[in-house]
Amino acid sequence: MLIISLCSSNLFDYYVTKWSSVGAAEAVAAIIPCSGHGRAYLEYGLVLNGHEPVCECNPCYSGSDCSKFSSDCAADAGSGDPYFMEPFWMRHAASSALLVSGWYRMGYTYNDESYISQLLVNHIKKLHETVGNAVTDGKYIIFGGGSTQLLNAAVYALSSNNNSSDTPAKVVATAPYYPLYRTQTELFNSRDYRYEGDASLWKNNTDNDTRFIEFVTSPTNPEGKLTKAVLEGPNVKTINDRAYYWPHFTPLPSPADDDLMLFTISKFTGHAGTRFGWAIIKDKGVYEKMVTYLDLTTVGVSREAQLRTLKILNVILEEGDGKEIFQFGYSTMRDRWIRLKQIISKSKRFSLQKLSPQYCTFFKRVRDPSPAYAWLKCEREEDKNCYEILKAAGINGHEGSMYSGDDRYVRLSLIRSQDDFDILINKLTNFVAKD
């Protein structure tokens, strides 16, 4: 027994030394310069032995070291890839580095036969308590592949009914809204629910036996406004999408205490590729139905995604109780919003959504707006498709109709890399000057 313990101790020391060096190598690989306009990722040079690290260039940049810039390249302001957080994690490359052994959790479940890390659940509860953006006491928490998977799991749980004669629940949202609410609901084409458009159209029709499921996004995507449910009544259930309810995107007036709330690490820390989200649920029956949905569709979120999320949250909570990451995120987004507003203010052709400074309980002061997206409007009567107007000027956004809004609007993403934002600002500046 003594020999086994000694061997185990030696083996442990060996792995600590070995893994620490590899973890440090991973952190070093992350800071290969690539001229500051690209990244050399883990796949090259570390996982594939004998391969030289290769730079993956940001849009509009090329060359082996990403030093060549193409001025003819269009500004990418369409996708919501949250690369704006990348500099923060570059700063914390060593402390956030993670090496996963080949034998790490090869089974389907944890020791308690569940698909969920209870240690991660505890960290999520501590996170919300620290930030003050959600109440978790007395509620259930489940995981999903980003909030994307949780959206339909929630619709399924709130619409399923043992009475087969019931009419399908009407799934609605207030325009403009995240398009996945509609497209995902229509894709699954369930007999228990059906997409029925704008919530405001049903405001005076909730007194009968028709069941409603309303998506409530706060702050909204694309406008960045804090909102509440439109529909009321005993047959109305709400799914509260809180993807952007973090101090770097919006003031926090109080902790959210909704019956069903969805969060995602994508917009919180910027790790969209990790595909991890969680739901906070009050009702046990709804929780159990969502668990059934997730168990049958994916057998849980990958153990590696849960481990990486745990590592990320631990870094955030250990270093200043989250103040550092939120201050970084807020300063970045506020400065981008200010720069954008200054340019648009010089034009009579365009306008932006109106957002006002508000008190934030996290920062304990009044804070300026710092939305994730610009909801840009073309004001001229003849500019009926703002997307096409901007596209002709070398700016790619998302059409207003994608969000069930008017095509006089276009959504511009402000959360991409600094290169992407600088190119967007340059294109807009030139366009406004010529106009």
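Residues numbered from 1 in each chain as written. Predicted model: local features only at pLDDT ≥ 70, side-chain atom pairs only at ≥ 80, totals over all residues. Heavy atoms only, no water.

## Considerations on the state of the cysteines
Alright, step 1. Tallied over the full model, the rule gives four disulfides.
Alright, step 2. Here Cys 57 is linked by a disulfide to Cys 66, with a sulfur-sulfur distance of 2.2 Å. Its S-S torsion of about -90° marks the bond between Cys 57 and Cys 66 as left-handed, since a negative value means left-handed.
Alright, step 3. Using a relative accessible area of 28% as the deciding quantity, one classes Cys 57 as partly exposed. (Disulfide = S-S within 2.5 Å. Buried < 20%, exposed > 50% of the residue type's maximum accessible area, 1.4 Å probe, protein only.)

## Describing the pattern of salt bridges
Side-chain pairing between opposite charges can occur once the charged atoms of the two side chains come close.
Alright, step 1. Counted by the stated rule, this structure contains 15 salt bridges.
Alright, step 2. Here Lys 170 ties to Glu 196 by a salt bridge, and the two come within 3.7 Å at their closest N and O atoms. Residue Lys 170 is found in strand E7 (residues 169-173), and its partner Glu 196 is found in strand E8 (residues 193-198); the two are separated by 26 residues along the sequence.
Alright, step 3. A residue is classified by how much of its surface remains accessible, and Lys 170, at 13% relative accessible area, is buried.
Alright, step 4. By relative accessible area, which is 22% here, Glu 196 ends up partly exposed.
Alright, step 5. Linking Glu 223 and Lys 225 is a salt bridge whose minimum nitrogen-to-oxygen distance equals 3.8 Å.
Alright, step 6. Residue Glu 223 is classed as buried on the basis of its relative accessible area, which comes to 17%. (Salt bridge = Lys/Arg side-chain N within 4 Å of Asp/Glu carboxyl O. Helix = DSSP H or I, 4+ residues; strand = E, 2+ residues; numbered from the N terminus.)

## Quick word on the sheet that holds strand E11 (residues 260-264)
Alright, step 1. Sheet architecture is open: seven strands sit in the order E6-E12-E11-E10-E9-E7-E8, paired in mixed fashion. Only two strands of the sheet have a single partner each, and these edge strands are strand E6 (140-144) and E8. When the angles between neighbouring strand axes are averaged without regard to direction, this sheet yields 25°.
Alright, step 2. Summarising the sheet, E11 and strand E12 (residues 277-281) pair through five bridges and their orientation is antiparallel. Note on E12: the bridge partner recorded for Leu 260 is Ile 281.
Alright, step 3. Together, E6, E11 and E12 form the strand contacts of helix H4 (residues 118-131), whose direction differs from that of E6 by roughly 110°.
Alright, step 4. The sheet strands contacting helix H6 (residues 180-188) are E7, E8, strand E9 (212-217) and strand E10 (236-241), and the helix crosses E8 at an angle near 155°. (Pairing = 2+ DSSP bridges. Axes fitted to C-alpha atoms, helices over the stretch in contact; angles between N-to-C directions. Contact = heavy atoms within 4.5 Å.)

## Some remarks on the sheet that holds strand E13 (residues 350-351)
Alright, step 1. Spatially, E13-E16-E19-E18 is the arrangement adopted by the four strands of the open sheet, whose pairing is antiparallel. Pairing within the sheet leaves two strands with one partner each, and these edge strands are E13 and strand E18 (398-399).
Alright, step 2. With two bridges joining them, E13 and strand E16 (residues 373-378) adopt antiparallel strand pairing. Counted as the bridge partner of Ser 351 is Lys 377 from E16.
Alright, step 3. Running over the sheet, helix H10 (residues 323-344) touches E13 and E16 and is turned about 10° from E16.

## Here we look at the pairing of E8
Alright, step 1. Taken together, the four bridges between E7 and E8 define a ladder with parallel strand orientation. Looking at the pairing, Ala 169 lines up with Tyr 193 of E8.

## Observations concerning the nonpolar core
Alright, step 1. Counting residues in hydrophobic clusters, the biggest one holds 100 residues, and the most contacted among them are Phe 143, Trp 278, Met 290 and Leu 412.
Alright, step 2. With nine residues, H10 is the single largest residue contributor to this core.
Alright, step 3. Look past the residues within four positions of Phe 143 in its chain and what remains in contact with it is Ile 116, Ser 117, Leu 120, Val 121, Ile 124, Leu 150, Phe 276, Gly 277, Trp 278, Leu 294, Val 301 and Gln 306.
Alright, step 4. Residues Val 172, Phe 212, Leu 231 and Val 236 belong to the second largest nonpolar core, which totals five residues. (Core = buried A, V, L, I, M, F, W, Y, C linked by side-chain atoms within 4.5 Å.)

## Structural notes on the packing of aromatic side chains
Alright, step 1. Under the criterion given, the structure shown has 27 aromatic pairs.
Alright, step 2. In this structure an aromatic cluster arises from ring pairing among Phe 143, Trp 246, Phe 263, Phe 268, Phe 276, Trp 278, Phe 326, Tyr 330, Phe 362 and Phe 363.
Alright, step 3. Its guanidinium or amino end placed over the ring of Phe 363, Arg 365 lies 5.3 Å from that ring's centre, counting from NZ or CZ. (Phe/Tyr/Trp six-rings, centres within 6.5 Å; stacked < 30°, edge-to-face > 60°. Lys NZ or Arg CZ within 6 Å of the ring centre and 35° of its normal.)

## Digging into the side chain of Ser 117
Alright, step 1. Summarising the element assignment, Ser 117 is placed in the loop between helix H3 (93-96) and H4.
Alright, step 2. Note on Ser 117: relative accessible area 11%, which makes it buried.
Alright, step 3. Excluding anything up to four places from it in sequence, Ser 117 contacts Tyr 110, Phe 143 and Gln 306.

## Concerning the side chain of Asn 240
Alright, step 1. With respect to the secondary-structure elements, Asn 240 resides in strand E10.
Alright, step 2. Leave out the neighbours within four places in its chain, and Asn 240 touches Val 216, Asp 258, Leu 260, Met 261 and Leu 262.

## Let's talk about unusual backbone geometry
Most peptide bonds are trans, and most residues other than glycine sit at a negative phi.
Alright, step 1. Residues Ala 175 and Pro 176 are joined by a peptide bond in cis, for which omega reads -5°.
Alright, step 2. Following Ser 218, the chain continues to Pro 219 via a peptide bond in cis, the omega torsion being -5°.
Alright, step 3. Following the sequence through the fold, Pro 219 ends up in the loop between E9 and E10.
Alright, step 4. One non-glycine residue, Glu 113, lies in the positive phi region at around 70°.
Alright, step 5. Inspection of the secondary structure puts Glu 113 in the loop between H3 and H4.
Alright, step 6. Overall, the relative accessible area of 60% leaves Glu 113 in the exposed class.

## Remarks on the pairing of E7
Alright, step 1. With five of its five residues buried, E7 lies for the most part within the structure.
Alright, step 2. Of the two faces of E7, the one holding Ala 169, Val 171 and Ala 173 and the one holding Lys 170 and Val 172 are both buried throughout.
Alright, step 3. As for the winding sense of the linkage, the β-α-β connection from E7 through H6 to E8 is right-handed.
Alright, step 4. Pairing geometry for E7 and E9, over four bridges, is parallel. The residue of E9 that forms the bridge with Lys 170 is Phe 212. (Right-handed = clockwise from strand over helix to strand, strands pointing away.)

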